[in-house]
Amino acid sequence: MNNFTYYQPQSVAQALPLLENRWGRVELLAGGTDLLDRLKEYVSTPERIVSLTAIEGPFREISAIPQAGQPPKVTIGAGVRLVDIAESKLLAPYPALTTAAAQIAGPQIRNMGTLGGSLCQRNRCWYFRDTHIQCLLKGGRKCYAHEGENQFHAIFTQGHPCVIVHPSTLAPPLIALGATAQIVSPRGNRELPLEKMFQAPSKPDQREHTLAPDEILLSVTVAPNLPPGTRLANASYEVKQKVTSDWPLVQAAVAFAIEPGSQRARNVRIVLGHVAPTPLLSPEAAQELEGKVVTEATAATAAAAAIQGARPLSQNGYKVPMLKAAVKRAILLAAGFKPDWE
Ligand SMILES: Cc1cc2nc3c(=O)[nH]c(=O)nc-3n(C[C@H](O)[C@H](O)[C@H](O)COP(=O)(O)OP(=O)(O)OC[C@H]3O[C@@H](n4cnc5c(N)ncnc54)[C@H](O)[C@@H]3O)c2cc1C
């Protein structure tokens, strides 16, 4: 890797002046499980590394505030490790999130990787990660995956010059749960719905997220607002080639309010993961389930709607039926059905 200057500020306030307003010369370091690979492969060549590892307090904590008649409002600091999300008792009402965290990579990565790093990690496209290939994201003229090896790439490709899949398995459940992101920069603090924190990049000065180069993700908050008399149903289901140390081929995360007697679903949110350059909210799928009693049949109809916009590449058509099954299974799991597919 190239030489760099290493900074280890003790607070977010000390970290901010070390950042710059353009990408490339500075990188934030959290657990390092993504960044170190990029440094070693010369995919990222910063002159300055600003480590977040010495920042204590809320940045590294999960806190919960009870809400009357609702699941608790939970805030997860960006520096919280994946293992602590997977094992948190405060997050017990949010199995979509804890099961997704528990399935990321293997124990080593979960013990080092953080929420902030998971949401801000760079994509794993092999053309992007190959030092010798100048793809669109590195200033080249074309996305090689369109005509090349694309079995793990996006199936929602329309309008996307670059067909990466967004790599975060935590983003879909958080978006399904209606999470908001808290962000800080030298200009002050801002908050936005988490789905707005992602974009499909197509050039070197864009990342997979919409944070500015001088911004730091502070935390993510989940605060459900369910209709009276309902309970929160949520689940994440992923299909992987290997049980451990692998990314999902497809993922579906769902959250809805469910009426205990009728099993009717309301305020449905369905998010598709690892199938598009961003985590993908599917209003079409949500609409099919909204107001309906959750059954095998209604879950299947919603799943069929989720894949309508899919335009797979030459080698990844297999992901389409897989995604359909994942959406159906996530809905059924959330509603409390016992899995009959294992
Ligand atoms: C074998 C393997 C399998 C994996 N499988 C999965 C998987 O299934 N699902 C999945 O989601 N991930 C998977 N990962 C990726 C892993 O989850 C990420 O590497 C990890 O979450 C990154 O966290 P980190 O703290 O180590 O980030 P770092 O490597 O330290 O940082 C990653 C990026 O995020 C930025 N960043 C970090 N924190 C902040 C912040 N607070 N504000 C702004 N920017 C920030 C950094 O600048 C950097 O660019 C896998 C990784 C490996 C090696």
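Outline the side chain of Arg207, listing residues and values.
With respect to the helices, strands and loops of the structure, Arg207 is situated in the loop between strand S7 (188-193) and strand S8 (216-222). For Arg207, the contacting residues outside a window of four places in its chain are Trp23, Glu27, Arg38, Arg122, Gln199 and Pro201.

Tell me about the site of the ligand, and name the residues and values.
Around the ligand, a shell composed of 35 residues is seen, among which Leu28, Gly32, Thr33, Thr114 and Thr169 lie nearest. Measuring from an oxygen atom of the ligand, one finds a backbone N or O atom of Cys120 at 3.5 Å. Contacts to the ligand include Thr169, whose side-chain N or O atom sits 2.6 Å from a nitrogen atom. About the coverage of the ligand: the protein hides 94% of its 980 Å² of free accessible area. Of all the secondary structure elements, the ones that give two or more residues to the shell around the ligand are strand S2 (26-29), helix H2 (35-40), helix H6 (115-120) and S8. Looking at which element gives the most residues to the shell around the ligand, the answer is H6, with four residues. A class-by-class count of the residues in the shell around the ligand yields 18 nonpolar, 12 polar and five charged.

Help me get a handle on the pattern of salt bridges, residues and values and all.
Tallied over the full model, the rule gives 19 salt bridges. Between Arg38 and Glu27 there is a salt bridge, with its nearest N and O atoms 3.5 Å apart. Placement of the pair is Arg38 in helix H2 and Glu27 in strand S2, with a sequence separation of 11 residues. On the basis of relative accessibility, which here comes to 4%, the residue Arg38 falls in the buried class. The exposure class assigned to Glu27 is buried, which follows from its relative accessible area of 6%. One salt bridge connects Asp37 with Arg124, and the closest N-O pair in it is separated by 3.6 Å. Of this pair, Asp37 sits in helix H2 while Arg124 is found in the loop between H6 and helix H7 (126-129), placing the two residues 87 residues apart along the sequence. Its relative accessible area of 26% is what places Asp37 among the partly exposed residues. One salt-bridge network, in which partners are shared between bridges, spans Glu27, Asp34, Asp37, Arg38, Arg124, Arg129 and Arg207.

Criteria and cut-off values
Residues numbered from 1 in each chain as written. Predicted model: local features only at pLDDT ≥ 70, side-chain atom pairs only at ≥ 80, totals over all residues. Heavy atoms only, no water. Helix = DSSP H or I, 4+ residues; strand = E, 2+ residues; numbered from the N terminus. Contact = heavy atoms within 4.5 Å. Near = heavy atom within 4 Å. Polar contact = N/O pair within 3.5 Å; in protein donor to acceptor, adjacent residues only side chain to side chain. Areas by Shrake-Rupley, 256 points an atom, 1.4 Å probe, with all protein chains shown as cover. Nonpolar A, V, L, I, M, F, W, Y, C, P; charged D, E, K, R; others polar. Salt bridge = Lys/Arg side-chain N within 4 Å of Asp/Glu carboxyl O. Buried < 20%, exposed > 50% of the residue type's maximum accessible area, 1.4 Å probe, protein only.

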